[in-house]
Amino acid sequence: MKVSLKWLKKYIDLPEKITPKDIAYDLTLRTVEVESVENIGDKFHNIIVGSILEVKKHPNADLLKVCIVDIGEKKPVQIVCGGINLYEGEKVVVCTPGAEVYWHGEGELVKIKETKMRGEDSYGMICGASEVFLDKFFPPKDEKEIVDLKGIDCYPGQSIAEALCLDDIVLEIDNKSLTNRPDLWGHYGIARELSAIYDVPLKELPKLEIDSKLPKYQVSIEDKEKCRRYVAVEIDNVYEKPSPLWMQAMLVNVGLRPINAIVDITNYVMMAVGQPTHAFDRTHVEGEKIVVRNASKGEKLLLLDDNYIELDTDDLVICDTKEPMALAGIKGGKKDSILPETTGIVLEVANFSAGTIRKTDKKFDEKTDSAIRYEKNIDTERVSDGLSLSLELFKELFPESKVLAYNDVYPSKTERIEIEVSQDFLDTRLGKVLDSKTVIGVLTKLGYEVQFKNNIYHVVVPIWRSTGDVSIKDDVMGDVARLLSFESFEAKPLPVSFEHAVGQPKILLERRIREYLAYRCGFNEIFTYPWIDEKYIKASKIDASSAVRLATPPAPELAVLRFSLVPGMLESISKNLRYYEDFKLFEMTQVYEKGEYHESIKEEVLPVHKKLITGCVVNKDAKKCFYEAKGVIENMARVCHMEELSFVNKEKPAWADINGYLNIELNGELIGNLGLISIRVMDEAKIKRTNAVIFEINFDKFIPFASRTNEYKPLPLFPLVEKDLSLIVDDNVLWEDIVKVIKGKVRELEFIEEYRGNQIPEGKKSVTLRFKLGYNDRTMNTEEINNEMQAIINSLSKKCNAIIRDK
């Protein structure tokens, strides 16, 4: 969502020292994520207002004109232009040297220079709307039409950004960070947050009282759960005309296109307070009555683009006494359009349930600005804000307008939520003790009503946060923390101690397989969505009876969760063939099947899921593909340290060629398949002029070898001395006993042999061992070697009763 700084300043007076970057930073840390800050005026540098003093024919070009233009400097300048609507006295948009424009509205930005055009000097350029970012302001009827600033209060030399009220700063806010904050989908909501952050007053919205003596406009709500409030106001003496420049500029700056004063008011109100509104031509409302109801099955609605949509009983529509006029909360129909002959309207300001709007806008793929706001669950009191601002603007733009009738049908009111939060809870969760004055001050700024008694905060949530955003004490605690800024909380290290590494053979095996395929075998790893396009399921010929279907899929054709990785691999092959002739891909991820799986607790029910690994080798040579893929699987066990896989020929996969497949087994169990894709499958998957081999294996069945503990030891920098030693020891002395005695005295130790027999006394044995001696800082001399040897012998004699064997 785009937020205009000028618009925000209508509702709050920001501290003078606060810069737009400061606002972006503080909002990001405390409220919503600001993705960028743009000064709209920057792109209009060196683009100014000019006044044409004289228009002459170009001596060397029939389609060009030579214009003498006043641009606010001491002398007029000459500009050559091909515009078809040039005339003397016209105020135009002039790009002086240094300005950047889209040449004829296309391609990359081009920097304007002084030049000659067909032999005539040209100081800059007189521009069309699409060349200078003004196509929303002045939609051109012809590409050769230049912008005519007739009727706009401006003067030669004035910056076009200033002249058109485009000298604004716009904050781009990440929509995902607004998902749970329906109160922030309008400038007033953002201003309310900044008011709390900077502790400055928030200006009140207009409050207009409706004359209670006005006739009631007929409104009937048949489904009161889907439509919780509906206000209809009949207004006369309003008609199609342009909205004032300031309003058009506001809308353009936040990404909307001005249309006419009536439609612009409805869009302005939506962007101001976050409340969608809609205007019907009052002469098009049959029976002078609004009916809010569910559509009949098969009923049709004609949209503005002259296309019909077929409705169902779940779709909420706005009707007159005859037929549907609009898709409730989403989009108007052609029947309710504001036309040049419009002289009066019925203004709709309503509240619809979030679930209804979300279901319908997904069904018809109509994600309008209005639908986006309704599906976030707006409170019903927002209707009053939208109504008051709408009526004020209609009175300002149409002084002669008159309200003829009014009705406010209000079957279901948003109730304010009440929550109790203990001081102990806040102290524990925040990790910081805050006094009650601080907590009450923070919450009051955010619109809460707070009473503190017996160490308990009784909190009444503001109406604009009572539709699900704030519902438990943790939400209240979160508001306290964020407004104080998370930076104000001291970071504390977690009390975690790592004593030893945890051996996870299966996790390490997964990593080894990925590295083996990527580094050794040259595969590229891919990551796909968990849902599959049904056309690739059909192409693969795999039985989908075990597949899990989504209740609300991202698209109608993407309703099936992957139960095999083969259909997704077919799609990846088809798409990559546009750019490469031969390639190798792999993916290791989970698939899902019908059934119940309990990850942690019995109440948490998930589909059955398992991890598969699939890969493909794509090349025109089918034989090469097959043997390369087979070799990859054959070597996998050896390289990745797991139990050996074997190949059999038992059961053909549905997608494989009958003459080119193998089944993959582990300890006699079938765990995967390898096969050349059949011609029929390739044809249906749009895989053309190539061959491809796919393998798919159940990774969960892999058995990794037991891990070994390896230690790093540096190679010696100086030569080691190798010695053999034969000892006679008691028969009950173990090799382990000898190792304990001399292990710390030698660099390396190796057992050679053990002997009993001739020349060895009874009850004794001969043990021969080999060891290496050495220092880290020098080579040992003879004397040092002898001393070390004697020390080892002495230790063995003392601890193991060993003697040197002479024979």
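Conventions used here
Residue positions within a chain follow its written sequence, with the count starting from 1. Whole-chain, interface and lining totals are the exception, using all residues; otherwise, since this is a predicted model, local features are given only for residues with pLDDT of at least 70 and side-chain atom pairs are given and counted only at 80 or more. Side-chain descriptors were evaluated using all non-hydrogen atoms of the structure, hydrogens and water having been removed beforehand. In this description a helix means any DSSP run of H or I spanning at least four residues, a strand means any run of E spanning at least two, and both kinds are numbered starting from the N terminus. Relative accessibility decides the category of a residue: with a 1.4 Å probe and only protein chains considered, values under 20% of the type maximum give buried, values over 50% give exposed, and everything between is partly exposed. Any two residues whose heavy atoms approach within 4.5 Å are treated as being in contact. Here an axis means a line fitted to C-alpha atoms, over the contact stretch when the element is a helix, while the angle between two N-to-C directions is reported on a 0 to 180 degree scale. Here roughly perpendicular refers to angles of 65 to 115 degrees, roughly parallel to angles under 35, roughly antiparallel to angles over 145, and oblique to all remaining angles. In a left-handed crossing the near helix is turned counterclockwise from the far helix by less than a right angle, and in a right-handed crossing that turn is clockwise. Under the grouping applied here, Gly and all other residues not named as nonpolar or charged are polar, the nonpolar ones being Ala, Val, Leu, Ile, Met, Phe, Trp, Tyr, Cys and Pro and the charged ones Asp, Glu, Lys and Arg. One requirement defines pairing of two strands: DSSP has to find at least two bridges between them.

Draft legend 1. A look at the overall build of the protein. When helices and strands are counted, the protein shows 19 helices and 39 strands. Along the first, second and third principal axes, the C-alpha atoms of the protein reach 130 × 85 × 65 Å. When the 807 residues of the protein are sorted by exposure, 49% land in the buried category. Contacts in the protein between residues at least 24 apart in sequence constitute 70% of all its contacts with a sequence separation of at least 6.

Draft legend 2. Main features of the packing of helix α13 (residues 505-520) against helix α16 (residues 622-640). Two elements in contact, α13 and α16, have axes whose closest approach is 10 Å; the angle formed by their N-to-C orientations is 130°. Comparing the axis directions of α13 and α16 gives the class oblique. For the crossing formed where α13 meets α16, the hand is right-handed. Residues L509, R512, I513, Y516, L517 and R520 of α13 form the contact with α16, whose participating residues are G631, V632, N635, M636, V639 and C640. Residues that form the contact of α13 with α16 fall into these classes: eight nonpolar, two polar and two charged.

Draft legend 3. Structural context of helix α5 (residues 245-253). Most of α5 is tucked away: seven of the nine residues are buried. When we look at burial in α5, the residues that qualify are M247, Q248, A249, M250, L251, V252 and N253. If you follow the buried residues of α5, they end up packed against β1 (2-4), α1 (5-8), β12 (169-173), α6 (261-273) and α9 (382-397). Positioned one or two residues after α5, G255 has a phi angle of 95°, which is positive.

Draft legend 4. Expanded view of the pairing of strand β15 (residues 277-281). Of all five residues in β15, four are buried, a share of seventy percent or more. Where β15 lies against strand β22 (residues 344-352), five bridges are found, and the strand directions are antiparallel. Considered in β22, the bridge of F280 is made with V346.

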